[in-house]
Amino acid sequence: MSDTAKRLIFAMLDADRDGVITLPEYLGRVERAAAASGRDPSHPLVTAATAAHREVFEQMDGNADGRVTFEEYRAWAGHDAFEESCRPALGSLFDLADLDGDGRLSRDEFTRLRAATGNSAGGAAAAFTALDVHGGGTVDRDTYLAAIHDFLTTGTSPMADAYPDSAETAAS
Ligand SMILES: [Ca+2]
Ligand SMILES: [Ca+2]
Ligand SMILES: [Ca+2]
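Residues numbered from 1 in each chain as written. Chains lettered and ligands numbered in written order. Predicted model: local features only at pLDDT ≥ 70, side-chain atom pairs only at ≥ 80, totals over all residues. Heavy atoms only, no water.

Would you take a moment to explain the coordination of the calcium ion (ligand 3) for this structure?
Six octahedrally arranged donors around a metal ideally form angles of 90 or 180 degrees; four tetrahedrally arranged donors ideally form angles of 109.5 degrees. Within the protein, the atoms that donate to the calcium ion (ligand 3) are Asp 98 (OD), Asp 100 (OD), Asp 102 (OD) and Arg 104 (O), at distances of 2.2 to 2.4 Å. For Arg 104, a relative accessible area of 36% translates into the label partly exposed. (Donors = N, O, S within 2.8 Å, 3.2 Å for Na, K, Ca; no water. Buried < 20%, exposed > 50% of the residue type's maximum accessible area, 1.4 Å probe, protein only.)

Could you clarify how one ought to interpret the coordination of the calcium ion (ligand 2) in this entry?
Taken together, the protein ligands of the calcium ion (ligand 2) are Asp 61 (OD), Asn 63 (OD1), Asp 65 (OD), Arg 67 (O), Glu 72 (OE) and Glu 72 (OE), with distances of 2.2 to 2.4 Å. For the calcium ion (ligand 2), the six donor atoms in the first shell make angles of 54 to 159° at the metal, so the coordination geometry reads as irregular. In the primary sequence, the donor residues of the calcium ion (ligand 2) line up as D-x1-N-x1-D-x1-R-x4-E. For Asp 65, a relative accessible area of 42% translates into the label partly exposed. Using a relative accessible area of 42% as the deciding quantity, one classes Arg 67 as partly exposed. (Tetrahedral: all angles 85-135°; square planar, octahedral: opposite > 155°, others 65-115°.)

Just checking my understanding: could you explain the packing of aromatic side chains for this structure?
Per the counting criterion, the structure on display carries eight aromatic pairs. Their ring planes at 80° and their centres at 5.4 Å tell us that Phe 10 and Phe 70 sit as a pair that is edge-to-face. Taken together, the residues span a long stretch of sequence, with Phe 10 in helix α1 (residues 3-13) and Phe 70 in helix α4 (residues 70-76) at a distance of 60 residues. Each member of the pair, Phe 10 together with Phe 70, is buried. Among the aromatic residues, those joined into a ring-pair cluster are Phe 10, Phe 70, Tyr 73 and Trp 76. (Phe/Tyr/Trp six-rings, centres within 6.5 Å; stacked < 30°, edge-to-face > 60°. Helix = DSSP H or I, 4+ residues; strand = E, 2+ residues; numbered from the N terminus.)

How should the pattern of salt bridges be read in this particular structure?
Where charged atoms of side chains with opposite charge meet at close range, the side chains can pair. Tallied over the entire structure, the rule returns five salt bridges. Between Arg 74 and Asp 3 there is a salt bridge, with the nearest N and O atoms lying 2.8 Å from each other. With Arg 74 in helix α4 and Asp 3 in helix α1, this residue pair connects regions lying 71 residues apart in the sequence. Note on Arg 74: relative accessible area 25%, which makes it partly exposed. Judged by relative accessible area, Asp 3 falls into the partly exposed class, the value being 31%. Arg 112 is paired through a salt bridge with Asp 108; the nearest N and O atoms lie 2.6 Å apart. (Salt bridge = Lys/Arg side-chain N within 4 Å of Asp/Glu carboxyl O.)

So, in structure tokens, the structure goes:
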């Protein structure tokens, strides 16, 4: 289990960098992903994504005080939590971005989604290149979710390129 990956993910989720993740901050990811893909807030996929994220937040917030600290996140995050609640939440964002519903994202769709949810455009573009191993110009849903799972649990994954400090931490 990689604390480095958890720190990078937590830093991305803590959008205002005050050391805790709040529910509005966390749901903001859904709002930005919806806006980036031009989805109306009342679209069923947006409603589903919001519900999935509320569920994740409740589970992350171990003492139910409305604030998720890094300690809470670290204690919770891992393979089981990913399979149980991160996968549906991340999948729901993927579905928002997948405008033609074919289970694949183009480079443009992928970069827009990742930028909306906290990656730099450059990091997202590098991650896409790493994920698109066959050079077909798309990334499928399972590959995407597996890459995030592997980053969270091992710290090593094509998705590592998406996180701003990963080159630095990999070298240290
Ligand atoms: Ca915060
Ligand atoms: Ca808490
Ligand atoms: Ca698509």
